[in-house]
Structure formats: C-alpha cells, structure tokens
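Notes for the structure review
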Amino acid sequence: MSENLVIVESPAKAKTIKKYLGKGFEVLASYGHVRDLVPKEGAVDTANGFAMKYAPIERNAKHVAEIAKELKKADALYLATDPDREGEAISWHLYEMLKDRGALKDKDVHRVVFHEITQRAVNEAVAHPRELSTELVNAQQARRALDYLVGFNLSPLLWKKIRRGLSAGRVQSPALRLIVEREAEIEKFKSEEYWTLAANSEKDGQAFSARLYQYAGTKVEQFSFRDEPTARAAEQALLASAHGSLRVASVAKKQRRRNPSPPFTTSTLQQEASRKLGFGAQRTMRVAQKLYEGIDLSGEGPVGLISYMRTDSVNLAAEAVAEIREVIASRFGQNHLPSEPCVYKTKSKNAQEAHEAIRPTSAARAPETIRGKLTDEERKLYELIWKRTIACQMEQAVFDTVTADLDAGGQSTFRATGSTLVVPGFIAVYQEDRDDNGADEDSEMRLPALAEGDSVVLQGILCEQHFTEPPPRYTEASLVKALEEFGIGRPSTYATIISTLQQREYVEMDKKRFKPTDVGKVVAKFLTEHFTQYVDYDFTAKLEDELDAVSRGEKEWVPVMREFWGPFKELVDHKEENVSRKDVTTEKLDEQCPKCGKPLSIRLGRRGRFIGCTGYPDCDYTRNLDETAEQAAQPEKIEGRQCPQCGSDLIIRRGRYGKFIGCSSYPKCKYVEPLEKPQDTGVECPECHQGTFLKRKSRYGKIFYSCSRYPDCKYAVWNPPIAQPCPRCAWPILTVKTTKRKGTERVCPRKECGFAEPAPELAPAAETAVAAVTS
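On a predicted model such as this, the values are computed, not experimentally measured, just so you know.

**Re the overall build of the protein**
Of the regular secondary structure elements, the protein holds 19 helices and 35 strands. Principal-axis analysis of the C-alpha atoms gives the protein an extent of 95 × 85 × 70 Å. The proportion of buried residues among the 775 residues of the protein is 48%. A separation threshold of at least 6 residues defines the contact pool for the protein, and within that pool the share at least 24 residues apart is 64%. Of note, the protein has its 115 positive side-chain charges centred 5 Å away from the centre of its 111 negative side-chain charges.

In structure tokens form, the structure reads like this:
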C-alpha cells in the first residue's frame, strides 16, 4: 500500500519525481486542468455573488478517476502542481472534485511547491508542505471569470456588428490595439530627407571618420541639411576653410563600465529567444517546459535541467549563486569574478520574490557536456539560459572611450568617437541583443593616438543622403516587451495572446513582424471607439494590479468583479441597441461614384476591405483599396491576347491573393489564369505517370511542386523533385531538401520510407537545374 499519493500535471514530471521520492510514494499526473467553466451562457452567475459553474474536462475524466482509485490506498495526498496561480487553481479544482466524490475522508491533504525538479528541491518541498492558498485560487477564479464575461458578451456583439466567428478578449484586445496603432503610425508617416557630413581623416597611416558636430558656430541637428544643394554648399565651405587638414581642438578620455543583464524571467527569455534563436513565444515555452520537466541524460531517468519557466522574479537562490561563482572561477578565472555576488531587483510590483529567475538546475552542467542528449532546439535554448545565468554573476565589461573634437576653421567642428573593450568581463560569455537594430553604444571604432594641437589629414568629406523611417512593426520580441511595459497580461499569458491574435486572423506575419489584417483593423477600431475604457492600456494594467492584490490577500475578489461588471454590461447593452453594422464596417470617403454619382465608402467584405458605392445593390461599382479611380477604370491589358472562352480582352486583375489574369467581360465570363505561369520541371508524376511536376506558388507565397494534371491528380511535394528512384523503396522520384542543420540532402518524399542521404553537389543548385538531374 502506498502511504502517500503525489499529484503533478504531466506524466513526464511524474516519472522523475517518483524516482526522487522512492518507496512509500506513488506519483500520478492530472494531465493539466481537470475542470473548467461550463461552455455556455450563465457559467458565471453575476446576480449571485459571481458563483461559478464548473464541469469536468472530459478528456481528463479518466485521469481523475485513476487518482481517486489510487487515493483509496494512500493515507496522504500531496498536490504538487506548478508553483504559480494557475497551478494553485488546478490543485484546488482537483481537491474539490475529490471532496465531492468523498475520496478525501480521513486523508491528510498537503500542497507542495518546488521551482526546479531536482532531488534536493523535491524532497525539501515534500518535507515542508503548506495548505492550499485561498488568495491565489480566488485571484485565478476572478481572472477566469473576467475572461469569460468579456468573451461571452463582446464576442456575440462582434458577430452582430462585424461578422460571424470573431472574438474579443480582456487582454488580447489591448494587444491588438497596440499592433493596429503602430500600423496607423506607419501609414501616416511621411518620410523626410536629410543629409549628413563626415570627415574622412587620417593620422600616422590610420584612417578614421568624424561626423560634423558644429557648422558656422551652430550645433548640427538631424535636419540642419535638408537637401543636396545645402549639403553640397556646406561641403565646399568646409573644404575651403580646412585647407586639407583638421586641428585637434580637444581630446576627452573616459572609462565606461557596463553591467551584465539580470537572469531570465519569462518575458526576457521569450524576447531573447526570438532575437537570437528566431523562436516564437509558444515554441520557447514548449521547449522550456521539456527542459524543466527533465531530459534523460544517462539512461537512469529524466533530470530537470532548468528551474520553473513561468516567473517574473530575477532572484537566484544563495546555493545556486555559490555554484555559479565556482564555475566562473574555474572556467574563466578569478579576474572575471566580482568580490561580491551580483544582486538584481525585480521591476514587477507583483513579482513573487520567493520564486527564482529561470536558471540551470546545475551551473556545472555546461551545454557542451550534454549536447548529444538534447534535440537541436533544446540545446539552443539551454545554452541561452546557461550563458545568461553565468554572465549575470560575472564582472562588468570595461570600455575605454575617446571623444576628439577636430577644428575645421570657420567655427566648424568635426567630432570623432571611439571605444575599445579593455576588460571583457561578462561579454566573454553573453551579450544581450537589441530590438530593431538599434545603435550599439559599445560598437568599436579605434582612433589613432590624438593629442590637443595635433594636425590630421583631411582626405575628403563624405556627404550622404538619408530619409527618416517610420517606426518598425512589432516583432514577437518587441511585442512581448511592450505588453510587459504596459502591464497587459502576465508572463504566462504572452504566448497565448500572440497565438490567439494569429488564429483569429487579426494579424499576420510579414517578414517576421506583425501586420494587422483588414478584419483586425475593423475590430480594433470598433473596440477603441465604443469600448475605449476596456482596451485602454492603463485600465488593463490597473485591473491586472487589482487581481494581483487579490492574490496577495489585499483585496476580495467579488468586489473587484462587481466594480467591473456593472458598467461593462450596461455599455454592452447600450452598444447592441444603438450601433448599426453599417456604422462599424463602412467608412465614408469624400469621393463620388464614377458610375452613379453617389458617395463612395470603404467597406469590409469576405476578402478584406475595399471601396464600394453606397448605392449598392442598385450600383455595383467596386475597386481595390490601393487603386485609384483611373486605375480601376482602365485596367492593364494583356497585349496580343484574347480570352479563349469569349474572345474579350484579357486584363490584369487583383484578388485576395494578389494579381492574376482575367477576362474583361467578368462577371459574364469568369475565365482566369495565373499571372506567372507554373514552370515545368520535366519530372514525371510518380502517382499518375501521365503529368509532370509544375513549380507553383501557394496562396500564402510558398513554393511547392504538383502534378500538371491537377485536379485530376492531386499528388504534390514541397521540395524540388529529381528523376531518381529511391534506393530504399524504389519510389520513382527523390526530392532535394536543404536545412541549416543537415545541409542539402536527397530525401524520399514518402514519410514511411525515411530515406535521406547527403547531396552537397546539389547545393546551391537552381531548382530548374535540380529537376534535370537523372540517374
């Protein structure tokens, strides 16, 4: 008989903890959440103290039954779900379900938390259990109730006022507003021209550059030279006053120290993994979960490699710091070790200081020692966490900086700046990346030895044209950073916020940056105009702070809910009655319809926004949003070609997925063809043996290869095909696949075969040339 039953969330974690606890303990997994609000209206009874109606999650019912069965054999129950608010709620829900079944009679129930899955941490947690935290559970219940009430009231409103299938959320909506407002800034931005002047100088055989700092007694600003004539005139005046040389007017030497970045929180890990590894927030958290739950390194069972990955604390345990300092001293030398440990303060007001930052469970476990035991993505993320943790306890980096002012005569001065890294310190291990290629203040330019009064050769003046640029669209890293700065959501929700916006097709990725779709813009506009307070960044952050206060026991959750619900429900009801669909989905233009003379408006259709006549359906005039009336009236004709079906002219038209060739008699004739004709590879289709592979482009712009007899034959592959049979399964073709990890390979397209062999001779062969390779 097991004396103690321990419950964790995942089966992988259960195996590891079972090994650590040994005899007398049985460890089972709940497989995540065990119950949730009933998925229908009325799950939160707003008239009865916000009582919540829960229902078991069907897919996990068998796991709860197994836990109840095993509990009969045990004397004590240890609830060991994750050490955050969500984990506390899972333990509480399981406790309530077992209590309802009568399974807890005469059983001791304990709550245990650990922030790393190591034998020491697990045994220490079990030795010092506590009770379930009512405050944490109430905060999580309030958060869930708020999300439910917002979703179940705003989403149906969006269905009525915009289109079916849309949703709005308490934190996703302000996040969408961030992206849409940034896009509006970009669209309104007007680029301005400006010019810069720099002296190309030389002293003692070493060339260097100096920017113009003062011209004719006036400090040079960004727009001091707005056009080429002004810049060229200044260039000639400077050349004339300098007479081929510049005099060193002053030299200032300083030493600057740079501190290492603190260890990772959830937010900073997501940001750095995006910048350095190209990982999305969801991918980062998925891989971090595996590292936390454990990897089998020696055949003796999984070992947890990192501490808990959902945290907003930058604290490190004293024993962890001691081990890190030992590793620094042995690997990098005592000169890289500060006399006292580095201590970091958490910026987040609600950071739980009892928690730790994300760190390796053992600093002595260097990435290179376990490289062969990890997948590529696990290795990359573990190495990132290990380096950041080691670096945070290392010495500062020290730079020698030099600023020299060079007199060009005529009250004009050039300024040269340079820096040299003299003590690498933590930079020897790790340096944080920056968003959007921001200028690096530590970028080095070595200057020659300069002293006041020296003369340097002026080889010429570089006169360059520039244009101001709009603010960049958000990347995953910069969006997570903005969400954290505005207090929108919490670290554990960032990945979910981003995935929800993408799944709802409110945003799309364009060169790894978020671009709002037409539907996303309309939804954001509707919410911003009609529910201003509830998508306001300060309001969202204030509500999060109130929920945090509930978790600390400083506030009761029901008054917080009541304060939110009354005004919100009143506003929803008012907008449902007084706002029409037309008001939301159309935008009037100061332009007349060329067909009937009525006003034109921007409208939202199934394929996005377009310009249409307000006289519809009597007038059917439409055009694309980015077309002028002249372009729509005179579409580009395909010279020398007529429609093969009706003989009318063929023209270039625009649709949802870009330009295509269509009949000018549309809608009477619906003939269309692609603007770019598919390229024939000449490789025979292995399925029908009648067609050949054509190189095509999907609606999302991705290249693929499919049979020329489509739709009669639907065989297709993603990689370039070659007319070589598979040596393993004799399939008539192979494909050429290139990845960063494995390089170029010949690969069998049949998954069940799995054949692959290196083919460096095909890299970087053009796809058309690849197709010609034969056996």
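Past the structure itself, the notes keep going.
**Some thoughts on unusual backbone geometry**
Note the cis peptide between Tyr 616 and Pro 617, where omega equals 10°. As for its placement among the helices and strands, Pro 617 is situated in the loop between β22 (608–613) and β23 (622–624). A cis geometry characterises the amide bond from Tyr 710 onward to Pro 711, with omega recorded as 10°. Summarising the element assignment, Pro 711 is placed in the loop between β30 (703–707) and β31 (716–717).

**Considerations on the environment of Cys 593**
Following the sequence through the fold, Cys 593 ends up in the loop between β20 (586–592) and β21 (599–605). The sequence separation of Cys 593 and Gly 612 amounts to 19 residues, and the corresponding C-alpha distance is 8.2 Å. With sequence-adjacent residues up to four places away left out, Cys 593 is seen in contact with Lys 598, Leu 600, Cys 613, Cys 619 and Tyr 621.

**Quick notes on the pattern of salt bridges**
Following the criterion strictly, the structure yields 50 salt bridges and no others. Its salt-bridge partner being Asp 36, residue Arg 144 comes within 3.1 Å of it at the nearest N-O pair. Of the two residues, Arg 144 is situated in helix α5 (residues 134–161) and Asp 36 in strand β3 (residues 35–37); the sequence distance between them amounts to 108 residues. The exposure class of Arg 144 is partly exposed, given its relative accessible area of 30%. One salt bridge connects Glu 383 with Lys 387, and the closest N-O pair in it is separated by 3.5 Å. Note that Glu 383 and Lys 387 are positioned in helix α11 (residues 376–391) at a spacing of 4 residues, about one turn of the helix. Look at Glu 383 and you get partly exposed, because its relative accessible area is 21%. Lys 387 sits in the partly exposed class, given a relative accessible area of 29%. Salt bridges sharing common partners tie together Arg 85, Arg 143, Asp 147, Arg 170, Glu 544 and Asp 548.

**Considerations on α11**
Each turn of an α-helix holds 3.6 residues, which means side chains three or four residues apart point in the same direction. Between its terminal C-alpha atoms α11 stretches 22 Å, which fits the 22 Å expected from 16 residues at 1.5 Å a residue. Looking at the buried side of α11, the elements it contacts are α8 (266–277), α9 (281–293), β13 (295–296) and α10 (318–332).

**Remarks on the pairing of strand β19 (residues 513–516)**
Side chains Phe 514 and Pro 516 of β19 all project onto a buried face; the interleaved residues Arg 513 and Lys 515 project onto a face where none is buried. One ladder, built from 4 bridges, connects strand β18 (residues 507–510) with β19; its direction is antiparallel. Along β19, the bridge assignment pairs Asp 510 with Arg 513. Joining the antiparallel neighbours β18 and β19 is a turn of 2 residues, in which Lys 511 adopts a positive phi near 55°.

**A few points about the sheet that holds strand β29 (residues 692–697)**
Strands sit in the order β28-β29-β30-β31 across an open sheet of 4 strands; the sheet is antiparallel. Both outer strands of the open sheet, β28 (679–684) and β31, are each paired with one neighbouring strand and no more. Taken together, the 3 bridges between β28 and β29 define a ladder with antiparallel strand orientation. For Glu 684, the partnering residue across the bridge sits in β29 and is Thr 692.

**So, the sheet that holds strand β35 (residues 756–758)**
Strand order in the open sheet made by the 4 strands is β32-β33-β34-β35, with antiparallel pairing throughout. Every other strand in the sheet has two partners, leaving β32 (721–722) and β35 as the edge strands with one partner each. Bridge count for strand β34 (residues 743–747) against β35 is 3 bridges, and the pairing is antiparallel. Bridge pairing in β35 links Val 747 to Ala 756.

**A closer look at the packing of α10 against α11**
Relative placement of two packed helices is described by the angle separating their axes and the distance separating the axes. α11 packs onto α10 with a crossing angle of 90° between their chain directions and a minimal axis gap of 9 Å. Between α10 and α11, the crossing angle belongs to the class labelled roughly perpendicular. Of α11, the residues touching α10 (which contributes Ile 324, Val 327, Ile 328, Arg 331 and Phe 332) are Trp 386, Thr 389 and Ile 390. Here the contact of α10 with α11 is built from residues that sort into 6 nonpolar, 1 polar and 1 charged.

**Quick word on the packing of aromatic side chains**
The description of two aromatic rings rests on the distance between their centres and on the angle between their planes. For the coordinates displayed, the defined rule picks out 19 aromatic pairs. Look at Phe 531 and Phe 568: their rings are 6.4 Å apart centre to centre, the planes differ by 50°, and that puts the pair in the tilted class. One end of the pair, Phe 531, is in the loop between α14 (518–530) and α15 (537–551); the other, Phe 568, is in helix α16 (residues 557–578), with 37 residues separating them in the sequence. For Phe 531, a relative accessible area of 0% gives the class buried. For Phe 568, a relative accessible area of 1% puts it in the buried group.

About the cut-offs
- Residues numbered from 1 in each chain as written.
- Predicted model: local features only at pLDDT ≥ 70, side-chain atom pairs only at ≥ 80, totals over all residues.
- Heavy atoms only, no water.
- Helix = DSSP H or I, 4+ residues; strand = E, 2+ residues; numbered from the N terminus.
- Buried < 20%, exposed > 50% of the residue type's maximum accessible area, 1.4 Å probe, protein only.
- Contact = heavy atoms within 4.5 Å.
- Lys, Arg positive; Asp, Glu negative; His and termini not counted.
- Charge placed at Lys NZ, Arg CZ, Asp CG, Glu CD.
- Salt bridge = Lys/Arg side-chain N within 4 Å of Asp/Glu carboxyl O.
- Expected span 1.5 Å × (residues − 1).
- Pairing = 2+ DSSP bridges.
- Axes fitted to C-alpha atoms, helices over the stretch in contact; angles between N-to-C directions.
- Parallel < 35°, antiparallel > 145°, perpendicular 65-115°, else oblique.
- Nonpolar A, V, L, I, M, F, W, Y, C, P; charged D, E, K, R; others polar.
- Phe/Tyr/Trp six-rings, centres within 6.5 Å; stacked < 30°, edge-to-face > 60°.

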